[in-house]
Amino acid sequence: MPDSRVIRVGRHPYNTKSHKCKPVRTPGGKLVSHKIVKKSKGPICGNTACRISLPGIKHLKSSAYKNLKKRERRVSRAYGGTLCGGCVREKIVRAFLLEEQRAVKKVLAEAQGKKK
């Protein structure tokens, strides 16, 4: 009969939230424990009104992002990895409308100048 007892990894033996373990049987028939890493909430949108989780980016601990490739840390778009797509679209539209408004003001000023 194989031994079903497993020894926890590390020096502290308590089953706390940050010290969860899972018993795994090796091909040699030995029972070892694998530490379970806690799930992270992942990066969120930088816009204070939005604050949704950014799609396309892995949910890892902040220390684990340094081992990822650049394409896994962000999305290939303007403000990728910082803002969500909806907020970027809103920002671009706002900038475009402001530019249009300036152009209209300029045209109206020129028309007023020609009248006088």
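Residues numbered from 1 in each chain as written. Predicted model: local features only at pLDDT ≥ 70, side-chain atom pairs only at ≥ 80, totals over all residues. Heavy atoms only, no water.

Draft legend 1. Structural context of a nonpolar patch on the surface. Together, Val-93, Phe-96 and Leu-97 make up a nonpolar patch on the protein surface, roughly 300 Å² of accessible area in all. Within the element layout of this structure, Leu-97 appears in helix α2 (residues 85-115). (Patch = residues over 30% accessible without salt bridge, like charges linked within 9 Å, V, L, I, M, F, W, Y side chains within 5 Å. Areas by Shrake-Rupley, 256 points an atom, 1.4 Å probe, with all protein chains shown as cover. Salt bridge = Lys/Arg side-chain N within 4 Å of Asp/Glu carboxyl O. Helix = DSSP H or I, 4+ residues; strand = E, 2+ residues; numbered from the N terminus.)

Draft legend 2. Molecular detail of the pairing of strand β1 (residues 21-25). The sheet contact formed by β1 and strand β2 (residues 31-35) spans five bridges and is antiparallel. Bridge assignment links Arg-25 to a residue of β2, and that residue is Leu-31. The turn linking β1 back onto β2 is made up of five residues, and Gly-29 within it adopts a positive phi angle of 95°. (Pairing = 2+ DSSP bridges.)

Draft legend 3. Quick peek at the pattern of salt bridges. Applying the stated criterion to the full structure yields three salt bridges. Of the charged contacts, one joins Glu-72 and Lys-58 as a salt bridge, the two residues approaching to 3.9 Å between their closest N and O atoms. In this pair, Glu-72 is assigned in helix α1 (residues 70-73) and Lys-58 in the loop between β2 and α1, connecting sequence segments 14 residues apart. Note that Glu-99 is salt-bridged to Arg-102, the shortest N-O span being 3.0 Å. Placement of the pair is Glu-99 and Arg-102 together in helix α2, with a separation of three residues, close to one helical turn. Glu-99 sits in the partly exposed class, given a relative accessible area of 48%. For Arg-102, a relative accessible area of 51% puts it in the exposed group. (Buried < 20%, exposed > 50% of the residue type's maximum accessible area, 1.4 Å probe, protein only.)

Shape descriptors only; they carry no functional weight alone.
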